[in-house]
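# Per-entry structural report
Given next are the chains, with one letter for each unit.
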Amino acid sequence: MRSNILIVDDDEKIISMLRRGLAFEGYEVHTAPNGAEGLKLMRTTDPDLLVLDVMMPEVDGFEVVRRLREAGSAVPVLMLTAKDELENRVKGLDLGADDYLVKPFALEELLARVRALLRRKTDTVREDDGERLSFEDLVMNIDSREVTRGERKVELTAKEFELLHLFMLNPRRVLSRDVIMDKIWGYDYSGESNVLEVYIAMLRQKTEDSSSKRLIQTIRGAGYILRSDS
């Protein structure tokens, strides 16, 4: 069965290129010229993946992601942005997007990211279903997908939860960048991408406060580790 992909972008050239490229790869493709039309098509086409531009009039990509996640949709979202700025990338990821790609981009890279997102959707296996993982005062409930640090509830996006889950399954073990990228994103990013660093920074911001110690630590030249130095 062919995967169904919805492209939402107000740039006709981008729409045309992606429609041809994705159809050639065997995907069923639907398109919308703006966020409002994209939300309507979400209900009628039930896509397996959403390729979404950020900068659109009226309903922009950020608002589309926000509405989808608030409605409980877990459809993977690949955001396209012409702004290679950390603030915009963080905002999209924090709202619930799964990946981002900065324009201009090579079609081959977009296809690789599409394959990775679809593969993760179909191959995901829930581990330790109904059980809890804990490290120090950080607790993760796998069944309810709730995370707490001490008495404080930690709100995480789907991708942040996956990343923290990986650390919780491997406490006190150094995880290299390549291992993390393969486990969480399913393929290698280019060396210029700092998406992992963005996610680590967001996890630290959400799981730490002025009174708590850092648990996700950087091992320079090796990767990251979940540990306590005290």
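- An unreviewed UniProt entry annotates the protein as Response regulator transcription factor of Saccharibacillus brassicae.

## Description of the UniProt feature "modified residue: 4-aspartylphosphate" (unreviewed entry) in the protein
- UniProt's feature table lists "modified residue: 4-aspartylphosphate" (unreviewed entry) at Asp53, given in the numbering used throughout.
- Within the element layout of this structure, Asp53 appears in strand S3 (residues 49–53).
- Residue class for Asp53 comes out buried when judged on its relative accessible area of 4%.
- If we ignore the near neighbours within four places in the chain, the residues touching Asp53 are Val8, Asp9, Asp10, Gly61, Leu80 and Lys103.

## Quick look at the confidence of the model for the protein
- In the predicted model, the protein carries a mean pLDDT of 85, and the fraction of residues at 70 or more is 89%.
- Helix H4 (residues 86–95) is the least confidently modelled element of the protein, averaging 77 in pLDDT, while strand S1 (residues 4–8) averages 96, the highest of any element.
- Segment residues 123–129: pLDDT under 50, and ten contacts once partners within four positions in sequence are set aside and those in other chains are kept.

## Quick look at the environment of Glu87
- Within the secondary structure layout, Glu87 lies in helix H4.
- Accessibility expressed as a relative area gives 66% for Glu87, which makes it exposed.
- Along the primary structure Glu87 and Val198 are separated by 111 residues, whereas in three dimensions their C-alpha atoms are 10.0 Å apart.

## Focus on the packing of helix H6 (residues 158–169) against helix H8 (residues 195–207)
- Contact geometry for H6 and H8: axes closest at 10 Å, N-to-C directions at 85°. Classed by the angle they form, the pair H6 and H8 counts as roughly perpendicular. Contacts from Lys159, Glu160, Leu163, Leu164 and Phe167 in H6 reach Leu196, Tyr199, Ile200, Met202, Leu203 and Lys206 in H8.
- Within the contact of H6 with H8, the residues separate by chemical class into eight nonpolar, no polar and three charged.

Here is what the cut-offs are and how they apply
- Think of each chain on its own: its residues are numbered from 1, step by step along the sequence as written.
- For a predicted model such as this one, the threshold for reporting local features is a pLDDT of at least 70, and the threshold for listing and counting side-chain atom pairs is 80 or more; totals across whole chains, interfaces and linings nevertheless cover every residue.
- Where side-chain values are given, they derive from all heavy atoms of the structure, hydrogens and water being excluded.
- UniProt positions are given in the numbering used here, feature names are shortened, and annotations may be inferred rather than shown by experiment.
- A helix here means a DSSP run of H or I that spans at least four residues, while a strand means a run of E at least two residues long, and both kinds are numbered starting from the N terminus.
- Buried, partly exposed and exposed residues are distinguished by accessible area as a fraction of the type maximum, computed with a 1.4 Å probe on protein chains only: under 20%, between the cut-offs, and over 50%, respectively.
- By the convention used here, residues are in contact when the closest approach between their heavy atoms is within 4.5 Å.
- Confidence of the predictor at the level of single residues is captured by pLDDT, which takes values from 0 to 100.
- The axes used here are C-alpha line fits, helices contributing only the stretch in contact, and every angle between their N-to-C directions lies in the interval 0 to 180 degrees.
- Oblique is the label for every angle not falling under 35 degrees (roughly parallel), over 145 degrees (roughly antiparallel), or within 65 to 115 degrees (roughly perpendicular).
- In this count, Pro and Cys sit with the nonpolar residues alongside Ala, Val, Leu, Ile, Met, Phe, Trp and Tyr, while Asp, Glu, Lys and Arg are called charged and the others, Gly among them, polar.

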